[in-house]
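So you can see what is in the structure, the chains are spelled out below.
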Amino acid sequence: MTELRRTLARQRYLLDYTVASMSRRRTRNLGLLLVYVGMVFLLASVLFYSSALKHEAGLLLAEAPDIVVQRMVAGRHALIPAQHAESLRGIRGVRVVEGRLWGYHYDPAVRANYTLLVPPADDVEPGTAVIGPALARARGAGIGDVLSFRGQDGTLHPFRIAAILPQESALASADLFLVAESDFRALFGIPEGQYTDIALQIPNPREERTVAEKVLEALPDSRPILRAEMLRTYDAVFDWRSALVLLPLSGALLAFAILAWEKASGLSADERREIGILKAVGWETGDILSMKFWEGGLLSLLAFLFGTAAAYWHVFGLSAPLLAPVMQGWSVLYPDFRLTPAIDATQLLALFCLTVLPYLAATLVPVWRAAVTDPDEVMR
Amino acid sequence: MTARVELVGVRKIFNEGQPNAFRAIDGVDLSLPAGGVTVLAGPSGSGKTTLLTLIGCLARPTEGRVRLDGRDISGLPEPFLAALRRQTFGFVFQRFNLIRGLTVLENVMLPAYPLGTPHRALTRRAGALLQRLGVGHRAGAPVESLSGGEAQRTAIARALINDPTVLIADEPTANLDTALSLAFLEIVSGLRAEGRTLLLSSHDPLVREASVVDRVAELRDGRLVADRDPLAESAQ
Ligand SMILES: Nc1ncnc2c1ncn2[C@@H]1O[C@H](COP(=O)(O)OP(=O)(O)OP(=O)(O)O)[C@@H](O)[C@H]1O
Ligand SMILES: [Mg+2]
């Protein structure tokens, strides 16, 4: 028999022994596994959820204009006149300039804000609307149904639903309500020649900063916002929100660490005796460490797998019912949409290191201490 | 396959350097007849168990030498001691120290795991040993369900699984009635016939006076007070 086969056979025996010894202490190991899975589940849920939201936000912003120009009056966002757009057309490096019309409408029926928007092509028939999937679900509305809003002047504006946006671009389109320009102006009382803001397309990203400076020169009352800045804001918001969730979680993590340490450092008299017996019958310190390594490894790996699988299902299958209220918060429509799975390998690795390695260390240290002592104690 | 075990000036001090330091073994010179049966006798607390642990490489002497076939084994590093415990010395503990929750067969196979012996061969060997010791029918039983005699035979089988040259048993008949004690001595005589060196500690006159015993060494307060050779005595 070759040395390698001998080593493999030995590890196989140790593994078998470990499995048997884990099932002997079934209740305790199951309890530990449960706590462990729960912790991995929570951590992984937050990670998956925030990175999926970031991913969605990234998609959303990918379609966003390179620069949005707002008009500021007394430090507040105001409507911007069409002439402003004309004066921006001359700036070098700017390809497309268009005025945009959008805003929010609060619907008391579902207690949610809709995002009303005139699509750039203005291809919605007056009197009709194209709506987002979450909104359609919230109102129980289908194609051909009529939704009415009370406009700024108190009159009721009925919209026949012409189409419902597809599900895929959920975060971007969930609460959209697309209307014709004339309807939008009538609903909010915005006169011709006024827009919500102006969008600029800049083919060369390196020119964005200079363009922004020139916009400020041309229109001193304006505020140009770069897409990169919007991205950063999104990131900051999501990071801040995940921090909000991770903070109490770190408490749970700490509790778990203490538990693991307790369990590990307080080797039961039974375990101590078992280690002594194994050493007395000729197991080496290394054999005992291997055995306990298998034990800790199996437990933490199982916990990691179950925990992340459950978190995956929770976040991408069920749309994170446990986290959604904290993590997205800003619209009651959002919990209805499904996130597209987006998982970051480095995050998973970090999670693995954070949960599995400390546990292994915490279990192995005391075992090592017990395993290096002389085995004559079991004689008493 | 007979092994020669010699002790030279062996001392064992527990809690050395502390106020509660205790000399459990206080200068013992002893050589075990190779392929014979030696009994360590002596009152409770005289150091019998301690001396067995020193010989069986379960603990190290504070002073002195333990030699196996002329080679000093008392100062060897831990992995070598583990190898000796595994393959040269078989140990039957006073309370047997079987691992609860495992079956008889699994307990017997335990010392062979670090060797990586193929599973089928190992199972066969363990089964044959149990058969020979008369507990083959209990192979699949959990050790908690064993009677004292069955537990002892299981412990003996475990001590023999790696075919050691020296078998050490601590108070082997302490929990057994006369019939079972005699059965144990029967097993001892079989092992002696195979050429193994046997070392037993015992209070039990039944063991001390058994015909299979080659030699009785008497301990008191950690010292050897009498070293008797029953065969030589009866020849006188
Ligand atoms: N780890 C230890 N620390 C301190 N003292 C010990 C230790 N082990 C044994 N002793 C002491 O050493 C002495 C010898 O103990 P040992 O167990 O060797 O005696 P024994 O002859 O086997 O007794 P018995 O017949 O009761 O089994 C006893 O007084 C015991 O209290
Ligand atoms: Mg004793």
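A. Up close: the overall build of chain B. Regarding its fold elements, chain B presents 8 helices and 10 strands. Taking 2.2 N^0.38 as the reference for a compact globule, 236 residues should give roughly 18 Å; the C-alpha atoms of chain B span a radius of gyration of 18 Å, in line with that estimate. For the C-alpha atoms alone, the extent of chain B along its principal axes is close to 45 × 45 × 35 Å. Expressed as a percentage of its 236 residues, the buried residues of chain B come to 56%. Partitioning the intrachain contacts of chain B with sequence separation of at least 6 by distance along the chain shows that 69% fall at a separation of at least 24. When the accessible surface of chain B is summed, it comes to about 9600 Å², and 49% of that surface belongs to carbon and sulfur atoms.

B. Quick peek at the domain arrangement of chain B. All names here are of chain B. Considered domain by domain, chain B is made up of domain 1 (5-88 + 164-235) and domain 2 (103-163). The centre of domain 1, based on its C-alpha atoms, is set 24 Å off from the matching centre of domain 2. On the domain 2 side, the residues contacting the 15 residues of domain 1 number 14 residues. Roughly 1200 Å² is buried in total at the junction of domain 1 and domain 2, and carbon and sulfur atoms are behind 62% of that figure. The largest contributions to the domain 1 side of the interface with domain 2 come from R86, P164 and I187, which together make up 42% of the buried area. Summed over the shared surface of domain 1 and domain 2, the result is 2 salt bridges.

C. Region of interest: helix 4 (residues 119-132) of chain B. End to end, helix 4 of chain B covers 20 Å across 14 residues, agreeing with the expected 20 Å (1.5 Å per residue, within 8%). Every buried residue of helix 4 of chain B is listed here: L122, A126, L129 and L130 of chain B. Seen along its axis, helix 4 of chain B keeps its buried residues to an arc of 100°; they face one direction. Set apart from the buried face of helix 4 of chain B by more than 90 degrees, the exposed residues are R120, R124 and Q131 of chain B. Turning to helix 4 of chain B, the residues buried within the fold contact helix 1 (3-24) of chain A together with helix 3 (104-109) and helix 5 (148-160) of chain B. Phi for G134 of chain B, located one or two positions after helix 4 of chain B, is positive at around 80°.

D. Quick peek at helix 10 (residues 285-317) of chain A. Look at helix 10 of chain A: 46 Å from first C-alpha to last across 33 residues, which is about the 48 Å you get at 1.5 Å a residue. Following helix 10 of chain A by one or two positions, S319 of chain A adopts a phi angle in the positive range, close to 60°.

E. View of the environment of P205 of chain A. Residues and elements named next belong to chain A. Within the element layout of this structure, P205 appears in the loop between strand 12 (197-201) and helix 7 (208-218). Here P205 falls in the exposed class, since its relative accessible area comes to 56%. Separated by 139 residues in sequence, P205 and D66 have C-alpha atoms that sit 8.1 Å apart.

F. Highlighting the environment of L98 of chain B. Along the polypeptide, L98 of chain B turns up in the loop between strand 6 (89-92) and helix 3. Considered as a pair, L98 of chain B and N20 of chain B are 78 residues apart in the sequence and their alpha carbons are 32 Å apart. For L98 of chain B, the residues in contact, after removing those within four places along its chain, are R273 and I277 of chain A together with N107, V143, L146, A151, T154, A155 and R158 of chain B.

G. Focus on the interface of chain A and chain B. Listed per partner, the contact involves 26 residues of chain A and 33 residues of chain B. Counting the surface lost from both chain A and chain B, the interface buries some 2700 Å², and carbon and sulfur atoms represent 59% of this. Linking chain A to chain B there are 2 salt bridges. K279 of chain A is the partner of E78 of chain B in a salt bridge, and the nearest nitrogen-oxygen pair spans 3.2 Å. Across the contact surface, chain A and chain B share 10 residue pairs in polar contact (both at pLDDT 80 or more). The leading source of residues in the side of chain A that touches chain B is helix 1 of chain A, at 7 residues.

Analysis parameters
Residues numbered from 1 in each chain as written. Chains lettered and ligands numbered in written order. Predicted model: local features only at pLDDT ≥ 70, side-chain atom pairs only at ≥ 80, totals over all residues. Heavy atoms only, no water. Helix = DSSP H or I, 4+ residues; strand = E, 2+ residues; numbered from the N terminus. Rg over C-alpha atoms; globule rule 2.2 N^0.38 Å. Buried < 20%, exposed > 50% of the residue type's maximum accessible area, 1.4 Å probe, protein only. Contact = heavy atoms within 4.5 Å. Areas by Shrake-Rupley, 256 points an atom, 1.4 Å probe, with all protein chains shown as cover. Domains from an automatic or database assignment. Buried area = accessible area lost by both parts, 1.4 Å probe. Salt bridge = Lys/Arg side-chain N within 4 Å of Asp/Glu carboxyl O. Expected span 1.5 Å × (residues − 1). Arc of directions from axis to C-beta. Polar contact = N/O pair within 3.5 Å; in protein donor to acceptor, adjacent residues only side chain to side chain.

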